[in-house]
Protein chains: 2
Amino acid sequence: MKNLQELREGLDAIDTALVALLAERFKLTQEVGLYKKAHQLPPVDKQREALQFERITKLAEDAGLNPEYARNVLRLTIDEVVKNHKAIQGIKD
Amino acid sequence: MKNLQELREGLDAIDTALVALLAERFKLTQEVGLYKKAHQLPPVDKQREALQFERITKLAEDAGLNPEYARNVLRLTIDEVVKNHKAIQGIKD
């Protein structure tokens, strides 16, 4: 069995990878925001969101991750994305 | 410039990787939970948490990710971990 220090080093390494992936994710959503502005599409797309929540639930279930937790992370992420897209389009909340 | 469909495929691919990483993260925290139970350590460790928040803030800033968003994801994650650790130790909220 690993000791606490070793386990925590593993967690820190995963968090480093998570931040890198999330940063890449926001680079892509920044592009989506510019695309939506250029094509006059609204920041929020409820149909796409529903598909994303359905997809993350299935992925979480298959990976043994609490689906409710996964959906909460996605909610937080989409809210941040929408905030950014509104800023790109000059829409105030 | 990529079209919306291509960008969304990129986002879905990142979400698949995120779920895989988070599932690995919870496997490690499950081990931490068992370690804490075996060594009679409390589920919450505020000193470790403070270091994690400091670390994620620095990582987010370096990666160009909103540090507040990164801290919110970490908060959600630690709350889920503590819930699991309490369950392992048979502590009710």
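Here's a quick rundown of the structure.

How each quantity is defined
- Residues numbered from 1 in each chain as written.
- Chains lettered and ligands numbered in written order.
- Predicted model: local features only at pLDDT ≥ 70, side-chain atom pairs only at ≥ 80, totals over all residues.
- Heavy atoms only, no water.
- Salt bridge = Lys/Arg side-chain N within 4 Å of Asp/Glu carboxyl O.
- Helix = DSSP H or I, 4+ residues; strand = E, 2+ residues; numbered from the N terminus.
- Buried < 20%, exposed > 50% of the residue type's maximum accessible area, 1.4 Å probe, protein only.
- Expected span 1.5 Å × (residues − 1).
- Polar contact = N/O pair within 3.5 Å; in protein donor to acceptor, adjacent residues only side chain to side chain.
- Contact = heavy atoms within 4.5 Å.
- Buried area = accessible area lost by both parts, 1.4 Å probe.

### Some details on the pattern of salt bridges
Residues and elements named next belong to chain A.
Right, so step 1: For the structure shown, the criterion picks out 18 salt bridges over all chains.
Right, so step 2: For Arg-75, the salt bridge goes to Glu-49, with nearest N and O atoms at 3.2 Å. Of this pair, Arg-75 sits in helix H3 (residues 67-88) while Glu-49 sits in helix H2 (residues 46-63), placing them 26 residues apart in sequence.
Right, so step 3: Its salt-bridge partner being Lys-58, residue Asp-62 comes within 2.9 Å of it at the nearest N-O pair. Of this pair, Asp-62 and Lys-58 both sit in helix H2, four residues apart, roughly one helical turn.
Right, so step 4: Judged by its relative accessible area of 58%, Asp-62 is exposed.
Right, so step 5: In this structure, a network of salt bridges that share partners links the residues Lys-46, Glu-49, Arg-75 and Asp-79.

### As for helix H1 (residues 4-38) of chain B
Residues and elements named next belong to chain B.
Right, so step 1: Here H1 spans 51 Å end to end across 35 residues, near enough to the 51 Å set by a 1.5 Å rise per residue.
Right, so step 2: The N-capping residue of H1, defined by a side-chain oxygen 3.0 Å from the backbone nitrogen of Gln-5, is Asn-3.
Right, so step 3: Phi for Gln-40, located one or two positions after H1, is positive at around 50°.

### Focus: the interface of chain B and chain A
Right, so step 1: Contacts between chain B and chain A engage 47 residues on the former and 47 residues on the latter.
Right, so step 2: Contact between chain B and chain A buries roughly 4700 Å² in total, counting both sides, with carbon and sulfur atoms accounting for 72%.
Right, so step 3: Linking chain B to chain A there are six salt bridges.
Right, so step 4: Here Asp12(A) makes a salt bridge to Arg48(B), at a shortest N to O gap of 3.2 Å.
Right, so step 5: Along the contact surface separating chain B from chain A lie 14 residue pairs in polar contact (both at pLDDT 80 or more).
Right, so step 6: If you list the elements that add at least two residues to the side of chain B that touches chain A, you get H1, helix H2 (46-63) and helix H3 (67-89) of chain B.
Right, so step 7: Here the side of chain B that touches chain A gets 25 residues from one element, more than from any other, and that element is H1(B).

These figures capture arrangement, not role.
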